[in-house]
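Read off the chains here:
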Amino acid sequence: MTKTAANIPITESDAQYYAGQYGPLKNSSGGNQTKWSFPDLNTVLISNYDSLAFGVQVRDTGNFTAHLLATSTTIPSLSNQIPSQNIIVTNTANNTIELKNINGSVIPNNQFIFLQLTDIARGDNWGSYSYLTLNDIINNFIVAYTGQDQILTRVKRTAVLFHARRAVQELSYDTLKSFKSQELTVPTGLSVPIPKDYVNYTRVAYADNNGVLHTIYPLNGLSGNPYELPIIDGKTGIPSQSSYGTNLEAAQSIIEDRWADANSNNITGDYDAYSTTGVFDYAWWKQAYGQRYGLDAEVSQTNGWFSINERTGTFSFSSGLVNRVIQLSYISDGLSYTLNSIIPKMIEEAMYAQILNRICLTRMDVDGGSKAFFKRDSYAKTRNAKIRLSNLKLDEIVQVFRGQSKWIKS
Amino acid sequence: MAINVNTVYTTVLSILNKEQRGYLTPFEFNQVATQVQLDIFEKFFQDYNQYIRMPQTDVEFASRMDHTMEEFQIFEKSANASNAPTTNEYTQPTDLHRFGSASWTVGTNSPPIEIISNKVYNQIKLSDLTQPSKNLPVAKYNQNKLTVFPDPGVYANTDVVFNYIRKPIDPVWNYTVGAVGQYVFDPVSNGVSKDFEISDSQQTEVILEILKYSGVIVRDAEITQAASTLIAKEENNSKQ
């Protein structure tokens, strides 16, 4: 998934944006035409092959198909689709593709080429006008803030680059919307790997049969995932070493094994009709009949627990969650897959302020008063960005407030 | 507009020949003229640097900075690398005199290439956050070559566009020998004689500078003294 950022002003036609279709484009060159450009698309075209000569597939994430149409009204279909091994992208700046010069793939004179984006590429592009790229931010900053008679007379492009990327990271942690999540089924081993671009989680929840999410809570010290498992001599308590001088490690943690086998009812105090453990029964004074004792409110929940096992690099779940479908929502740093990440337009001004503040803080030629001003400015604009991204809409707040006079059982 | 080489030569001769002070041969004139044009040409950049640090005006025709830039704009040009590269090393154009900037046509909308030293390059490549990219490239500039990073893998001399100042063409007062053995000017249109390339607003200075050198050639200190005084006066006036 690679979300795109739209050009300003918008260059895509309605068909290009909504249907992901480009063309049909006519070959009027007088001969076969092998090179075609699709410059108006926001999407950067990706082909499955990088070379027409050797025909070795290098990826399966190509994001378009091309069709050879005899007339402008021919319906694009599988029968006129150009085989993917006969197409490569030669220039990503203006989306130029090259076709293999053989029958059925090259476009003859007076015939047409038609480009269709895949559904995934089309989905990545929908909503793209609310984003701009980090490169845009960097270029805009250099034009508007640096140079002769500007605040920063002389600043290295590399410095802007560094501070812009740092700003993206920081804003990703607490300001940008957290949209990354994975749907997982908890395996019998009760552990799943930490996602590749994971920095921190925002919510872990399981989905019930209605698809409603129920938050799963962290262990918070209830159990643990030891980082090392040294094998201790039973008498001296000294770890045993291998013949190479390193501590011997146990294959499995005893704590984790016990936690995996634990009956959560013993922790949550969940009611068991056939056991009166922990319940004031009829032998007690009538006023306490049916009430419980010894409950800890923090752990009295039945959704389950998770922990991050740093030793194994996994999310581990309590045994009651086995085979449950969970949603792991997390944040990354915005730079995991491309250094030219996309930025919501809502935080554009905050980005400029952050870059300016960070650069000025490191410079000798900026006076203390200006530094203090830029710091306050950066803080205020970041706060504004956060409020904007919080999406506080009047109608939605009113809807929440409608519950203000409802009694809530405690 | 360029300065007519014949006008300069005849003016210089007129001044020198007044009171029979001496004579400047075409060969000597061509040598001195080349020297003078380069002197004035180099001074443009010194002046530009001084003016850019002074308070500016945006009143039409009054900005010294703009005026100086107009003087050398005729020498500003853009050209691709002069070699057919097989690596990420791009040789500068052969007529490059002063390097201005370079852009990277491999990137979207040809972004500028940041020129950095070897030391800085060695530092930035250590950090993930300062890695150069296709749209934010960097280059080391040495041995008249730009070594651009990231390496594009496929190379063409059109990858890099140099924006630079070229050197002015040397002025030449060419001649044929006339019927009585006199020097007859060979017009520029014949292709051998060359006008001064610097703008005609510098004509007075060109003549004064040539006179200054001519005084040395004809061994007349008075001419050198007078020319130097006038040049200094003009210089002071232009930088107040």
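In every chain, residue numbers begin from 1 and rise along the written sequence. For naming, the first written chain is A and the first written ligand is 1, with later ones following in the order written. Note on the predicted model: pLDDT of at least 70 is required for a residue's local features to be given, and 80 or more for side-chain atom pairs to be given and counted; whole-chain, interface and lining totals, by contrast, use all residues. Each side-chain value is worked out from all heavy atoms of the structure, with water and hydrogens disregarded.

Asks: Tell me what's going on with the environment of Pro187(B), and back it up with residues and numbers.
Replies: Going along the chain from the N terminus, every DSSP run of H or I of four or more residues is numbered as a helix, and every run of E of two or more is numbered as a strand. Among the structural elements, Pro187(B) can be located in the loop between β10 (183-185) and β11 (196-199). Counting along the chain gives 181 residues from Pro187(B) to Asn6(B), while the straight-line C-alpha distance between them is 8.4 Å.

Asks: Got a sec to walk through the interface of chain B and chain A? Specific residues and values, please.
Replies: By definition in these notes, contact holds between two residues if any of their heavy atoms fall within 4.5 Å. With 16 residues of chain B in contact, the opposing surface of chain A contributes 16 residues. Summing both sides of the interface, chain B and chain A together bury roughly 1,400 Å²; the carbon and sulfur share of this comes to 57%. Simply put, the buried area is the total loss of 1.4 Å probe accessible area from both parts when two parts are fitted together. Area buried by chain B at its contact with chain A is led by Glu114(B), Leu129(B) and Leu136(B), which between them contribute 47% of it. Salt bridge, as used here, is a side-chain nitrogen of Lys or Arg placed within 4 Å of a carboxyl oxygen of Asp or Glu. Put simply, chain B and chain A have zero salt bridges between them. Here a polar contact is taken to be a pair of N or O atoms separated by no more than 3.5 Å, where protein atoms must pair a possible hydrogen donor with a possible acceptor and residues adjacent in sequence count only if both atoms sit in side chains. Between the two partners, chain B and chain A, sit six residue pairs in polar contact (both at pLDDT 80 or more).

Asks: Please provide a residue-by-residue account of the sheet that holds strand β15 (residues 325-331) of chain A, values included.
Replies: Residues and elements named next belong to chain A. Pairing between two strands requires that DSSP report at least two bridges joining them. The strand order across the open sheet built from four strands is β8-β15-β10-β11, with neighbouring strands paired in antiparallel fashion. Looking along the sheet, the strands with just one partner apiece sit at the ends: β8 (180-185) and β11 (213-215). When the angles between neighbouring strand axes are averaged without regard to direction, this sheet yields 30°. Here strand β10 (residues 200-207) pairs with β11 via three bridges, running antiparallel. Angular values range over 0 to 180 degrees, each being the angle between N-to-C directions of two axes fitted as lines to C-alpha atoms, with helices fitted over their stretch in contact.

Asks: Which residues make up the sheet that holds strand β13 (residues 305-309) of chain A, and what values go with them?
Replies: All names here are of chain A. Taken in spatial order, the four strands make up an open sheet running β9-β14-β13-β12, and their pairing is mixed. The sheet is open, and its two edges are formed by β9 (191-193) and β12 (217-218), each paired on a single side. Both β9 and strand β14 (residues 314-317) contribute to a ladder of three bridges, which runs antiparallel. Paired with Pro-193 across the bridge in β14 is Thr-314.

Asks: Explain the packing of helix α4 (residues 157-174) of chain A against helix α7 (residues 348-361) of chain A residue by residue, including any values.
Replies: Residue and element names in this part refer to chain A. One can describe the packing of α4 onto α7 by two numbers: an axis separation of 9 Å at closest approach and a directional angle of 125°. By the angle class used here, α4 and α7 are oblique. The way α4 lies across α7 gives a crossing that is right-handed. Together, Val-160, His-163, Ala-164, Arg-166, Ala-167, Val-168, Glu-170 and Leu-171 of α4 and Met-351, Gln-354, Ile-355, Arg-358 and Ile-359 of α7 make up the contact between the two elements. Throughout this description, any angle smaller than 35 degrees is read as roughly parallel, any larger than 145 degrees as roughly antiparallel, any in the 65 to 115 degree range as roughly perpendicular, and the remainder as oblique. Crossings are classed by handedness, with left-handed meaning an anticlockwise turn of the near helix from the far one by less than a right angle and right-handed meaning a clockwise turn.

Asks: Tell me what's going on with a nonpolar patch on the surface, and back it up with residues and numbers.
Replies: Together, Tyr23(B), Tyr175(B), Val177(B) and Tyr183(B) make up an exposed nonpolar region whose accessible area comes to about 390 Å². Note on placement: Tyr183(B) falls in strand β10. Without a salt bridge and with relative accessible area above 30%, a residue can belong to a patch; like charges are then joined within 9 Å and nonpolar side chains (Val, Leu, Ile, Met, Phe, Trp, Tyr) within 5 Å. For the area figures, the Shrake-Rupley method with a 1.4 Å probe applies, and any residue is considered shielded solely by the protein chains shown.

Asks: So what's going on with the domain arrangement of chain A? Residues and values would help.
Replies: Bear in mind that the domain bounds are from an automatic or database domain assignment. Split into domains, chain A comes out as domain 1 (14-126), domain 2 (132-177 + 334-394) and domain 3 (184-331). Taking the mean C-alpha position of each, domain 1 of chain A and domain 3 of chain A sit 52 Å from one another.

Asks: So, the side chain of Gln92(B): which residues are in play, and what are the values?
Replies: Tracing the backbone through its elements, the reader meets Gln92(B) in the loop between β3 (89-91) and β4 (96-104). Those residues in contact with Gln92(B) that lie beyond four places of it in its chain are Ser82(B), Tyr141(B), Asn144(B) and Phe162(B).

Asks: Go over the pairing of strand β7 (residues 145-149) of chain B with me, naming the residues and quoting the values.
Replies: Residue and element names in this part refer to chain B. The buried fraction of β7 is high, at four of five residues. Judged from the three bridges that link them, β3 and β7 form a sheet pairing that is antiparallel. Bridge pairing links Tyr-90 to Leu-146 in β7. Here strand β6 (residues 138-142) folds back onto β7, and the loop between the two strands holds two residues, one of which, Gln-143, carries a positive phi near 55°. Categorising residues by exposure relies on relative accessible area from a 1.4 Å probe, with only protein chains included: less than 20% of the type maximum marks a residue as buried, more than 50% marks it as exposed, and the intermediate range marks it as partly exposed.

Asks: Describe the domain arrangement of chain B, listing the residues and the values that go with them.
Replies: Residues and elements named next belong to chain B. One can read the domain layout of chain B as domain 1 (2-74 + 170-213) and domain 2 (76-166). Taken together, the eight residues of domain 1 in the interface contact five residues of domain 2. With both chains or domains summed, domain 1 and domain 2 bury close to 620 Å², and 41% of this area falls on carbon and sulfur atoms. The interface formed by domain 1 and domain 2 includes two salt bridges. The closest approach of N and O atoms between Arg-98 and Glu-42, which form a salt bridge, is 2.9 Å. Taken together, the connections running from domain 1 to domain 2 amount to four residue pairs in polar contact (both at pLDDT 80 or more). Examining the composition of the side of domain 1 that touches domain 2, we find that four residues originate from one element, helix α2 (residues 26-52), more than from any other. Per-class residue counts for the side of domain 1 that touches domain 2 are four nonpolar, two polar and two charged. Classes in brief: Ala, Val, Leu, Ile, Met, Phe, Trp, Tyr, Cys and Pro nonpolar; Asp, Glu, Lys and Arg charged; the others, Gly included, polar.

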